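Each chain, letter by letter, is given below.
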Amino acid sequence: MNSRGILIAGNWKMNNGPAATGKFFSELKERAAQAMPGESLELFRNGKLKACIIPPYLSLSRALEAAKMLSFPVEIAAQNAHWEKSGAFTGEVSGQLLAELGLSWVLTGHSERRQFFGDTDETVRKRTESLLTQNFKVIACIGETRAEREAGQTEQVLTRQLRGLFPSAESGASVYLDGRLVLAYEPVWAIGTGLTATPEQAEEAHRIVRRFLSEQVDTSAAEKAQVLYGGSVTPENVNSLLACPNVDGALVGGASLKPESYLALLVAGVHAAAGR
Ligand code: PGA
């Protein structure tokens, strides 16, 4: 038993344009009317369960609008944001621009940003800090590559990435305590590969994260921090992952693209949240 709720976040990456987004939400609404367990509304109401969809920028307005039609709340998040509020940064999007759309959640540090678009611990920290200062809720991703795991460096990498998010303990505690910073442990070798971390591997990594927070930030921040697991989560394996005491939800790519599988993940979230 713990006081942390469950968050089921769907990261659509470079998929689902505005038309597909509209279709996703109308189908989700129809399917949820049949399949969403009755107790879910109370869990949403008391904050034990949260749903989040992270569409590409182009689909954000459509998603914000469409999510309002649902009978339960779905937060809409952006996949990334620049740390400056405005300026000569061609091709970038800032928190200020996202706030104007009505957005209050952003993902940072996804391994695809780190791998393919030059994000580093330093730029992830700048994005995360800037967004938190602007009152966004942030889901920040960390995770080791296969080579790092095989070299026995998982703990070292996670610790480095976590330290990178907040260099000083004082600046760190409150954002975990009030739930504004959510962490997502996503082993890079499990993302989009069909290889999922076993529940034991996920639990072990999540314990490392919590131990770091307890030693370097604050014990109550460590207890309160929501830590998601991501990497080939599907409706088939989600229950065993959510059964891990230190796993507080899932960040899901491929299996979040279709309303039927996202809903199946959400239903698993309802059961996990009800048991907490
Ligand atoms: P996946 O992606 O579920 O398709 O492995 C997860 C992620 O990148 O967040």
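See the structure shown above.
As the structure is a computational prediction, the values presented were derived from the model and not from experiment. (Residues numbered from 1 in each chain as written. Predicted model: local features only at pLDDT ≥ 70, side-chain atom pairs only at ≥ 80, totals over all residues. Heavy atoms only, no water.)

Undergrad: What should I look at first to understand the site of the ligand in this one?
TA: Lining the immediate surroundings of the ligand are 13 residues, of which Lys13, His110, Glu186, Gly192 and Ser232 lie closest. His110 is positioned with one of its side-chain polar atoms (N or O) 2.6 Å from an oxygen atom of the ligand. Relative to its unbound accessible surface of 280 Å², the ligand loses 95% to contact with the protein. Residues belonging to the shell around the ligand are distributed by class as follows: 4 nonpolar, 7 polar and 2 charged. (Near = heavy atom within 4 Å. Polar contact = N/O pair within 3.5 Å; in protein donor to acceptor, adjacent residues only side chain to side chain. Areas by Shrake-Rupley, 256 points an atom, 1.4 Å probe, with all protein chains shown as cover. Nonpolar A, V, L, I, M, F, W, Y, C, P; charged D, E, K, R; others polar.)

Undergrad: What is the right way to read the packing of aromatic side chains from this model?
TA: The relation between two aromatic rings is expressed through the spacing of the ring centres and the mutual angle of the planes. With the rule as written, the count across this model stands at 7 aromatic pairs. Aromatic side chains Phe116 and Phe117 sit 6.4 Å apart centroid to centroid with 85 degrees between the ring planes, which places their arrangement in the edge-to-face category. Three or more aromatic residues joined by ring pairs make a cluster, and in this case those are Trp12, Phe24, Phe25 and Tyr262. (Phe/Tyr/Trp six-rings, centres within 6.5 Å; stacked < 30°, edge-to-face > 60°.)

Undergrad: I would appreciate a short explanation of the layout of surface pockets in the present structure.
TA: If a probe the size of a water molecule is rolled over the atoms, the empty space left behind becomes visible. The space that makes up the largest pocket amounts to roughly 460 Å³. Lining the largest pocket are 16 residues; nearest its centre among them are Lys13, Met14, Gln79, Arg113 and Phe117. Considering each element in turn, the lining of the largest pocket owes the most residues, 3 residues, to helix α5 (residues 111-116). Here the lining of the largest pocket is built from residues that sort into 7 nonpolar, 5 polar and 4 charged. Empty space within the second largest pocket amounts to approximately 310 Å³. What lines the second largest pocket is a set of 19 residues, and nearest its centre among them are Gly5, Gly47, Lys50, Gly179 and Gln226. When its residues are assigned to classes, the lining of the second largest pocket shows 7 nonpolar, 6 polar and 6 charged. (1 Å grid on protein atoms, 1.4 Å probe; cavity = no way out; pocket = protein on both sides within 12 Å on 5 of 7 lines; lining within 4 Å. Points joined across faces, edges and corners; volume = space filled by probe spheres on them. Helix = DSSP H or I, 4+ residues; strand = E, 2+ residues; numbered from the N terminus.)

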